[in-house]
Amino acid sequence: MIDVRKILAEVCDDDAVYEEGIDLIESGLLDSLAFVELFDRLEDEGIFLQPTQIDRSRLRTPEGIEQLIAEYRN
Amino acid sequence: MPDTITKRMEAAAKANRDRIAYKCGEHAITYGTLWDEACRCAACIRRQGTSPVVLFQDKRCETVIAMVACLLAGRAYVPVDVKTPAKRVARILAMTGAELVLTDREIDLQRGTVCTLAELACLSENEPSQPEWELDENRIAYMIFTSGSTGEPKGVPITAANLANFADWIAGLSPLCDYKNCNVLNQASFAFDLSVADIYYALGNGHTLVTNEADMRTEYDRIFEVFAKERINVAVMTPTCMKMCLLNDAFTAENFPEFQCVYFCGERLEKKTVERLFRHFPKLAVINAYGPTEATSAVSAVTITSEMLAAEEVLPVGCMATAATEIAIEDGEIVLRGKSVFGGYLGGVCGGHFTENGTNGYRTGDYGEIRDGKLYCGGRKDGQIKYMGYRIELADIESNLLAVAGVEDCAVTVSGNAEGAVSAIRAFVVCEPGGPDEACVRAALAVRVPAYMVPKKISVVAELPVNDNGKIDRKALRQYD
């Protein structure tokens, strides 16, 4: 099981990702550098997502990212 | 009479009159038109005065014509990014004493002319003509403003001789010297001297310079679009920008067979980035360049090979044999001397510059080493960082935070990744009782400094931890999270 929140906390360098209802993009947590780091980290875990083909709105929450990972796996 | 840099540009223009010199989005201009317009405008610019000329425009063709026209007119141009907050623009105007601002925006100028280049030039319907006046090699060609630790931007004046030296150096750099008729990508703002590399490599050698107005921090797909549409052969960019392009699996040698070379400068190039780049483009020529603004964009470069990736822990930033200027290591610091080095900051501001037997020198503040004929760059001696390619003095941010009403004290730190690149800037702020909250501090800072200098996270804290010497304990600040 990939701990998405833990990866997010590391790439965004902020525990605010654990907050209820956090919007990663609105809050500025997932800025362009964190974005690159996130996809790098997911690749390290064997998840090869195509960021330019993903609707940005799907990256707003940790749950959204977990959903993307689940879809990749199927 | 043309001088070295204008002679180079004239030769390129005359040999390539019908080739597109510059393209931004849907707008393009040939070498013939660029040169003729620049010559025509040079006379009006010269008649208007002698002060530096501030260019406060986006990347339209007019901006490039203005740069060349200023070179021909013998007046320094000062490119200022349109996203710069008004307060900072006002400081730059005051510091340069600029009496001509070429812009399409509202600007407050005490004395002088604010207009577009077209408006200035329509006063003169003359035929384009070569400048009949003398052009002094030691005149200031351009001035770039960089982050200053006092909170005031620092003006770096670069002479025509400095610029000619750089232009000759990059024209002769392998493999760039072998290319003909290329599409060269500009990514950096004209207010950053990474752009000096693409502008003078392209326009000094008959290539086509291509750009768009994408904001690299938020519109990373747009750079990729330019690659796709314009069939880029040579890209000049920061490593961060390349990381963004590499997010796209379609960015490969198969889809972009004409992409032959990338020239990186402006921030540390991580091995990881080159490894990834080689997976997408196995035969790409990768140049890693190094140099401070104070030494005209870059002073050294080296081609990165897969052998180097295997052999080196940290990538070199230059090959000593092909350096643009004299490079030495003194007390572990990279010190530069010679033709690329500036003559000192605007206003005589201190720091780094020195002269020795009539030669200009500059102590970069970068730790470095020379091994096997290659230059390596370590960390900084001071609080200067590179964030997404932008050069920032942490004290610049701190000074501007302290200027916010209600802020009593602050400390700015960075978080980094394993290879030493900065991933985010953080600020810790102590406010007076009833003072501003985080959102207010952020908003107040944003009108003072460019957006990339506003820390990703600002925390209002009760006090800053202090160590035994009474100095802010930056390590302890990390525990605040």
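The residue numbering used here restarts from 1 in each chain and proceeds along that chain's sequence as written. Chains carry letters from A onward and ligands carry numbers from 1 onward, assigned in written order. With the structure being a predicted model, the display of local features is reserved for residues of pLDDT at least 70 and the display and counting of side-chain atom pairs for 80 or more, all residues being used for whole-chain, interface and lining totals. Working from all heavy atoms in the structure, the side-chain values ignore hydrogens and water.

Novice: How would you explain unusual backbone geometry if you had to name every residue and give the values?
Specialist: Residues and elements named next belong to chain B. With omega at -5°, the peptide bond leading from Ser174 into Pro175 counts as cis. By the secondary structure assignment, Pro175 is in the loop between α6 (160-172) and β9 (183-186). The phi angle at Asp331 is positive, at roughly 50°, despite the residue not being glycine. Secondary structure follows DSSP: runs of H or I at least 4 residues long count as helices, runs of E at least 2 residues long count as strands, and numbering of each begins at the N terminus. In this structure, Asp331 sits in the loop between β16 (326-330) and β17 (333-337). Burial classification: accessible surface area is computed with a 1.4 Å probe over protein chains only, and a residue below 20% of its type maximum counts as buried, one above 50% as exposed, and the rest as partly exposed. Accessibility expressed as a relative area gives 79% for Asp331, which makes it exposed.

Novice: Got a sec to walk through helix α1 (residues 4-12) of chain A? Specific residues and values, please.
Specialist: Considered for burial, the residues of α1(A) that qualify are Val4(A), Ile7(A), Leu8(A), Ala9(A), Val11(A) and Cys12(A). By the convention used here, residues are in contact when the closest approach between their heavy atoms is within 4.5 Å. Contact partners of the buried residues in α1(A): α2 (32-44) and α3 (62-73) of chain A.

Novice: Lay out the sheet that holds strand β14 (residues 300-304) of chain B in plain terms, naming residues and giving numbers.
Specialist: Residues and elements named next belong to chain B. On the basis of which strands lie adjacent, the open sheet formed by eight strands has the order β2-β1-β10-β9-β11-β12-β13-β14 and mixed pairing. One side of each edge strand has no neighbouring strand; the edge strands of this open sheet are β2 (27-30) and β14. On average, each strand axis in the sheet is inclined to that of its neighbour by 20°, with strand direction left out of account. At least two DSSP bridges between two strands are required for those strands to pair. In terms of strand pairing, strand β1 (residues 20-24) meets strand β10 (residues 208-211) through three bridges, oriented parallel. Within the sheet, the bridge partner assigned to Tyr22 lies in β10 and is Leu209. With axes taken as lines fitted to C-alpha atoms, and helix axes fitted only over the stretch in contact, angles between N-to-C directions fall between 0 and 180 degrees. The strands touched by helix α2 (residues 31-48) are β1 and β2; relative to β2, the strand with the most contacts, the crossing angle is about 80°. Strands β1 and β2 of the sheet are contacted by helix α3 (residues 61-73), whose axis makes an angle of about 35° with β2.

Novice: Any details on the sheet that holds strand β25 (residues 457-460) of chain B? Residues and values, ideally.
Specialist: All names here are of chain B. Read from one edge to the other, the open sheet built from three strands follows the order β23-β24-β25, with strand pairing classed as mixed. Each edge of the open sheet is held by one strand with a lone partner, namely β23 (407-416) and β25. Between one strand axis and the next, the sheet turns through 20° on average, direction left out of account. Across nine bridges, β23 lies against strand β24 (residues 422-431) in antiparallel orientation. Within the sheet, the bridge partner assigned to Val407 lies in β24 and is Cys431. The strands touched by helix α13 (residues 438-446) are β23, β24 and β25; relative to β25, the strand with the most contacts, the crossing angle is about 130°.

Novice: Describe the interface of chain B and chain A, and please don't skip the residues or the numbers.
Specialist: Accessible area lost during the coming together of the parts is what is often quoted as the interface size. At the interface, 22 residues of chain B touch 20 residues of chain A. We count a salt bridge whenever a side-chain nitrogen from Lys or Arg sits within 4 Å of a carboxyl oxygen from Asp or Glu. Put simply, chain B and chain A have seven salt bridges between them. A salt bridge links Asp31(A) to Lys456(B), with the shortest nitrogen-to-oxygen separation between them at 3.6 Å. Sorting the residues of the side of chain B that touches chain A by element identifies α8 (220-230), α9 (239-245), α10 (271-280) and β24 of chain B as the ones contributing at least two each. For this classification, the nonpolar set comprises Ala, Val, Leu, Ile, Met, Phe, Trp, Tyr, Cys and Pro, the charged set comprises Asp, Glu, Lys and Arg, and every other residue, Gly included, is treated as polar. Residue composition of the side of chain B that touches chain A, by class: six nonpolar, five polar and 11 charged.

Novice: Please give an account of the domain arrangement of chain B that cites residues and values.
Specialist: Residues and elements named next belong to chain B. The assigned domain composition of chain B is domain 1 (4-374) and domain 2 (384-480). Here the C-alpha centre of domain 2 lies 30 Å away from the C-alpha centre of domain 1. Counting residues at the interface gives 26 residues for domain 1 and 22 residues for domain 2. By definition, the buried area sums, over both parts, the 1.4 Å-probe accessible area that each loses when the two are put together. Where domain 1 abuts domain 2, roughly 2100 Å² becomes buried across the two surfaces, and 49% of that area is made up of carbon and sulfur atoms. Linking Arg391 and Glu294 is a salt bridge whose minimum nitrogen-to-oxygen distance equals 2.7 Å. Domain ranges listed in this record stem from an automatic or a database domain assignment.

Novice: Requested: an account of the confidence of the model for chain B, with residues and values cited.
Specialist: Confidence per residue, as judged by the predictor, is encoded in pLDDT with a range of 0 to 100. The pLDDT averaged across chain B works out to 92; a share of 95% of its residues lies at or above 70. Scored by ipTM, the complex comes to 0.80, with pTM at 0.91.

Novice: Could you give an account of the packing of aromatic side chains, naming the residues involved and the relevant values?
Specialist: Residue and element names in this part refer to chain B. For this analysis, a ring pair means two rings from Phe, Tyr or Trp (six-membered ring only for Trp) whose centres lie within 6.5 Å, classed as stacked if their planes differ by under 30 degrees, edge-to-face if by over 60, and tilted for the remaining angles. Counted under the stated rule, the structure contains 16 aromatic pairs over all chains. Measuring from ring centre to ring centre gives 4.8 Å for Phe227 and Phe259, while their planes differ by 70°; the resulting arrangement is edge-to-face. Highlighted residues: Phe227 in helix α8 and Phe259 in the loop between α9 and β12 (261-264), separated in sequence by 32 residues. By way of ring pairs, the aromatic residues Phe227, Phe251, Phe256, Phe259 and Phe281 are connected into one cluster. Placement of a positive charge over a ring is assigned whenever Lys NZ or Arg CZ falls within 6 Å of the ring centre and within 35 degrees of the normal to the ring plane. Cation over ring: Lys59 sits above Phe190, and NZ or CZ is 5.3 Å from the ring centre.

Novice: Explain helix α7 (residues 194-203) of chain B to me, using residue names and the numbers behind them.
Specialist: For α7(B), a buried count of 10 out of 10 residues is recorded, marking the element as mostly surrounded by other parts of the structure. Of the residues making up α7(B), those classed as buried are Leu194(B), Ser195(B), Val196(B), Ala197(B), Asp198(B), Ile199(B), Tyr200(B), Tyr201(B), Ala202(B) and Leu203(B).

Novice: I'd like a rundown of the pattern of salt bridges, residues and numbers included.
Specialist: Summed over the entire model, instances satisfying the criterion amount to 37 salt bridges over all chains. Among the ionic contacts, a cluster of salt bridges with common partners joins Glu37(A), Asp40(A), Glu43(A), Lys272(B) and Arg276(B).

Novice: Which residues make up the nonpolar core, and what are the values?
Specialist: One finds Ile5(B), Ile45(B), Leu102(B), Trp169(B), Leu176(B), Tyr200(B) and Tyr263(B) to be the most contacted residues of the largest nonpolar core, which totals 92 residues. Here this core gets 11 residues from one element, more than from any other, and that element is α3(B). With residues near it in sequence (within four places) discarded, Ile5(B) still touches Leu71(B), Arg139(B), Ala160(B), Leu163(B), Ala164(B), Ala167(B) and Tyr200(B). To form a nonpolar core, buried Ala, Val, Leu, Ile, Met, Phe, Trp, Tyr and Cys residues must be joined to one another through side-chain atoms within 4.5 Å. Counting 53 residues, the second largest nonpolar core, distinct from the first, contains Ala16(A), Ala34(A), Ile392(B) and Leu445(B).

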